[in-house]
Amino acid sequence: MSQERVTATYLVETPYSLERAAATIAGEQSTGTFTSVPGETDELKARFGASVEHIEEIGEVDEPSLPGAKPPAGHDGKYRQGRVTVSFPLHNFGASIPNLLSAVAGNLYELQELSGLRLLDLELPEAFAARYPGPKFGIEGTRKLTGVYDRPILGTIVKPSIGLSTEQLSELVEKLARAGMDFIKDDELNANPPFAPLEQKVKAVMEAIERAADATGKKLMYAFNITGDIDELRRNHDIVVQAGGTSVMVSILSVGLSGLAYLNSFSEVPIHGHRNQWGMLTRSPLLGIEFTAYQKLCRLAGADHLHVNGLNSKFYESNESVLRSIEACTTPLLGGYNTMPVVSSMQWAGTAPATYEATRSVDVMHLAGGGMLAHPDGPAAGFESMKLGWEAAVQGIPLETYAAQHPALRRAIEKYGRG
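My aim in this report is to walk through the structure given alongside it, one point at a time. These numbers come from a predicted model, not from an experiment.

How each quantity is defined
- Residues numbered from 1 in each chain as written.
- Predicted model: local features only at pLDDT ≥ 70, side-chain atom pairs only at ≥ 80, totals over all residues.
- Heavy atoms only, no water.
- Axes fitted to C-alpha atoms, helices over the stretch in contact; angles between N-to-C directions.
- Helix = DSSP H or I, 4+ residues; strand = E, 2+ residues; numbered from the N terminus.
- Parallel < 35°, antiparallel > 145°, perpendicular 65-115°, else oblique.
- Left-handed = near helix turned anticlockwise from the far one by under 90°.
- Contact = heavy atoms within 4.5 Å.
- Nonpolar A, V, L, I, M, F, W, Y, C, P; charged D, E, K, R; others polar.
- Buried < 20%, exposed > 50% of the residue type's maximum accessible area, 1.4 Å probe, protein only.
- Pairing = 2+ DSSP bridges.
- Salt bridge = Lys/Arg side-chain N within 4 Å of Asp/Glu carboxyl O.
- Core = buried A, V, L, I, M, F, W, Y, C linked by side-chain atoms within 4.5 Å.
- Right-handed = clockwise from strand over helix to strand, strands pointing away.
- Arc of directions from axis to C-beta.
- 1 Å grid on protein atoms, 1.4 Å probe; cavity = no way out; pocket = protein on both sides within 12 Å on 5 of 7 lines; lining within 4 Å.
- Points joined across faces, edges and corners; volume = space filled by probe spheres on them.

### Thoughts on the packing of helix H7 (residues 198-216) against helix H8 (residues 230-242)
Phase 1 of the analysis: At a closest axis distance of 9 Å, the pairing of H7 and H8 adopts a crossing angle of 20 degrees. The angle between the axes of H7 and H8 places the two elements in the roughly parallel class. Judged by the twist between their axes, the crossing of H7 over H8 is right-handed. Only Arg 235, Asn 236, Ile 239 and Val 240 of H8 make contact with H7, whose side of the interface consists of Leu 198, Glu 199 and Val 202.
Phase 2 of the analysis: Residue classes in the contact of H7 with H8 are distributed as four nonpolar, one polar and two charged.

Following this line, the structure appears as structure tokens:
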């Protein structure tokens with residue numbers, strides 16, 4: 001059998017010793033249970049058991065981070081925290097994302113020996129690259145389809161999120177496309193609702209995009225939200241492609257990683273991966289999964305674009321966490337799997353300098369809803385202000401200085417503030 005292994009790194013909190021907690025994780029997620037059973041031979045454990053590779057102490061706290069932990073008799077009142085690395089034989093589950101998750105993120109979250117657990121990172125063997133082809137388009141393919149090079153791909157989100165008729169949506173999209181917009185996405189709340197069925201929406205939007213392209217020579221990329229049950233994904237994808245669409249969007253946690261991989265198996269256009277619901281997996285610092293680990297699975301499964309939130313956004317996530325997410329998406333994985341980070345949430349021209357200063361990269365998709373659509377001089381000026389914000393950032397020119405010669409940027413600063 002292959003001796004390739006998957007390595008998982010966890011942040012652990014426990015009323016026991018870190019060594020005891022690590023051994024429990026390794027045992028429970030491979031060959032062991034709460035007591036020895038017939039057949040659990042030394043040979044079997046040697047071939048199929050998970051191994052504790054490294055333990056790093058961080059410190060102690062006086063209160064458990066999560067409810068339900070069961071301290072040992074004579075507990076000293078301390079809860080130890082540390083990083084624990086465990087490796088799993090690949091032949092226990094094979095190159096399978098669903099079964100990998102059962103091993104590295106399964107029932108261990110419920111163990112009484114743990115008062116906190118967070119999956120921080122995964123190291124995956126080449127077998128996963130053979131099983132999962134990853135994104136078909138990524139940064140380069142998306143740039144080719146949009147015709148946008150040497151700057152971020154700039155776009156917006158349909159707002160209001162819910163309620164526009166297909167006629168109203170068509171009018172809005174045509175206006176934005178004629179303004180030169182690179183990209184528009186459906187809101188995650190609006191996929192195939194009864195008031196505006198996907199087939200009608202696609203027809204109306206694509207007719208608007210084609211009219212604008214005939215006038216401007218530039219075809220806007222629109223990510224249609226095709227989120228639905230597994231048996232709906234191919235039909236919804238085909239509706240978009242047959243109408244001339246160049247992107248589809250799914251809510252990854254709604255369709256699951258297997259749903260994403262299934263869509264990627266036949267998709268003919270970039271897949272825009274939205275991570276709504278992500279907060280329930282990660283907001284507690286001693287529970288869930290770090291984006292560094294999760295994004296690797298999303299990339300394997302085929303997300304060409306992946307949301308990472310934005311700097312100074314409306315969400316709880318710190319700027320440092322957002323920047324770690326951007327870096328994670330662009331860190332090489334298994335020799336490829338190039339995915340474009342999507343920066344969004346309360347973004348406008350003024351957030352461009354901070355984003356560029358922190359990343360030193362233009363290989364991002366920068367989306368602004370109200371930051372473009374609510375510009376005092378209209379969406380076209382909002383789009384222009386975003387381009388100007390990035391121009392100033394890349395050239396190292398203070399935003400206010402650049403705004404003195406560019407009215408669209410000046411008006412954005414007056415509307416939204418310095419950022």
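### What to know about helix H11 (residues 291-301)
Phase 1 of the analysis: Across the eleven residues of H11, ten count as buried, placing the element largely inside the fold.
Phase 2 of the analysis: Along H11, the positions that sit buried rather than exposed are Phe 291, Ala 293, Tyr 294, Gln 295, Lys 296, Leu 297, Cys 298, Arg 299, Leu 300 and Ala 301.

### A closer look at the sheet that holds strand E3 (residues 79-89)
The pairing of strands in a sheet comes from backbone hydrogen bonds and takes either a parallel or an antiparallel form.
Phase 1 of the analysis: One open sheet accounts for five strands, arranged E2-E3-E1-E4-E10; its pairing is mixed. A single partner strand is all that each edge strand has here, and the edge strands are strand E2 (51-61) and strand E10 (287-289). The mean inter-strand angle of the sheet, taken between neighbouring strand axes irrespective of direction, is 15 degrees.
Phase 2 of the analysis: By the bridge criterion, ten bridges tie strand E1 (residues 5-14) to E3 in an arrangement that is antiparallel. Bridged to Val 12 within E3 is Gly 82.

### Overview of the pattern of salt bridges
Phase 1 of the analysis: Under the criterion given, the structure shown has 24 salt bridges.
Phase 2 of the analysis: The network of salt bridges with shared partners includes Glu 60, Asp 76 and Arg 80.

### Some words on the nonpolar core
Proteins that are soluble and globular tend to have nonpolar side chains buried together.
Phase 1 of the analysis: Of all hydrophobic cores here, the largest spans 93 residues; its most connected members are Tyr 10, Val 104, Phe 128 and Tyr 222.
Phase 2 of the analysis: Not counting residues within four places of it along the chain, the set of residues in contact with Tyr 10 comprises Ile 25, Gly 82, Arg 83, Val 84, Val 86, Phe 88, Val 104, Leu 108, Leu 117, Arg 118, Leu 119 and Leu 120.

### Some thoughts on the sheet that holds strand E7 (residues 221-225)
Phase 1 of the analysis: Strands sit in the order E5-E6-E7-E8-E9-E11-E12-E13 around a closed barrel of eight strands; the barrel is parallel. For this sheet, the mean inter-axis angle between neighbouring strands, taken without regard to orientation, is 25 degrees.
Phase 2 of the analysis: When E7 meets strand E8 (residues 247-251), the two strands line up parallel, connected through three bridges. Across the sheet, Asn 225 pairs through a bridge with Met 249, a residue of E8.

### Details of the pairing of strand E9 (residues 271-274)
In the case of a regular strand, side chains alternate between the two sheet surfaces.
Phase 1 of the analysis: Burial along E9 is two-sided: the face carrying Ile 271 and Gly 273 and the face carrying His 272 and His 274 are both buried.
Phase 2 of the analysis: Pairing of E8 with E9 involves four bridges; the strand directions are parallel. Among the inter-strand pairings, Met 249 is bridged to a residue of E9, identified as His 272.
Phase 3 of the analysis: In this view, the connection linking E8 to its parallel neighbour E9 by way of helix H9 (residues 252-266) has right-handed handedness.

### Notes on unusual backbone geometry
Phase 1 of the analysis: The omega angle of the peptide bond from Lys 159 to Pro 160 is 0 degrees, so this bond is cis rather than trans.
Phase 2 of the analysis: Position of Pro 160 relative to the elements: it lies in the loop between strand E5 (153-157) and helix H6 (166-178).
Phase 3 of the analysis: Residues other than glycine seldom take positive phi values, yet Asp 150 does so here, at roughly 65 degrees.
Phase 4 of the analysis: Along the polypeptide, Asp 150 turns up in the loop between helix H5 (138-146) and E5.
Phase 5 of the analysis: According to the relative accessible area criterion, Asp 150 is exposed, its value standing at 73%.
Phase 6 of the analysis: Its identity as a non-glycine residue notwithstanding, Leu 334 has a phi of 50 degrees, on the positive side.
Phase 7 of the analysis: Along the chain, the position of Leu 334 falls in the loop between helix H12 (319-330) and strand E12 (340-343).
Phase 8 of the analysis: We classify Leu 334 as buried; its relative accessible area is 19%.

### A look at helix H13 (residues 352-359)
Phase 1 of the analysis: Turning to H13, its buried residues number three or more, namely Ala 352, Pro 353, Thr 355 and Tyr 356. Summarising the axial view, the buried residues of H13 lie within an arc of 165 degrees, below the 170-degree limit, and thus occupy one face.
Phase 2 of the analysis: The inward-facing, buried residues of H13 abut strand E13 (365-367), helix H15 (379-395) and helix H16 (399-403).

### Notes on the layout of surface pockets
Phase 1 of the analysis: Its boundaries defined by the atoms lining it, the largest pocket holds a volume of some 650 Å³.
Phase 2 of the analysis: Taken together, 31 residues make up the lining of the largest pocket; nearest its centre are Asn 309, Lys 314, Phe 315, Ser 344 and Ser 345.
Phase 3 of the analysis: Across the lining of the largest pocket, the residue classes tally to nine nonpolar, 15 polar and seven charged.

### Some remarks on empty space enclosed by the protein
Phase 1 of the analysis: Throughout the structure, instances matching the rule amount to two cavities of 30 Å³ or more.
Phase 2 of the analysis: Of the voids in this model, the largest cavity is the one considered here, and its volume is about 70 Å³.
Phase 3 of the analysis: Of the residues belonging to the lining of the largest cavity, the class tally is six nonpolar, four polar and two charged.
Phase 4 of the analysis: Lining the second largest cavity are Glu 290, Phe 291, Thr 292, Ser 321, Arg 324 and Ser 325.
Phase 5 of the analysis: For the lining of the second largest cavity, the secondary structure elements donating two or more residues are H11 and H12.

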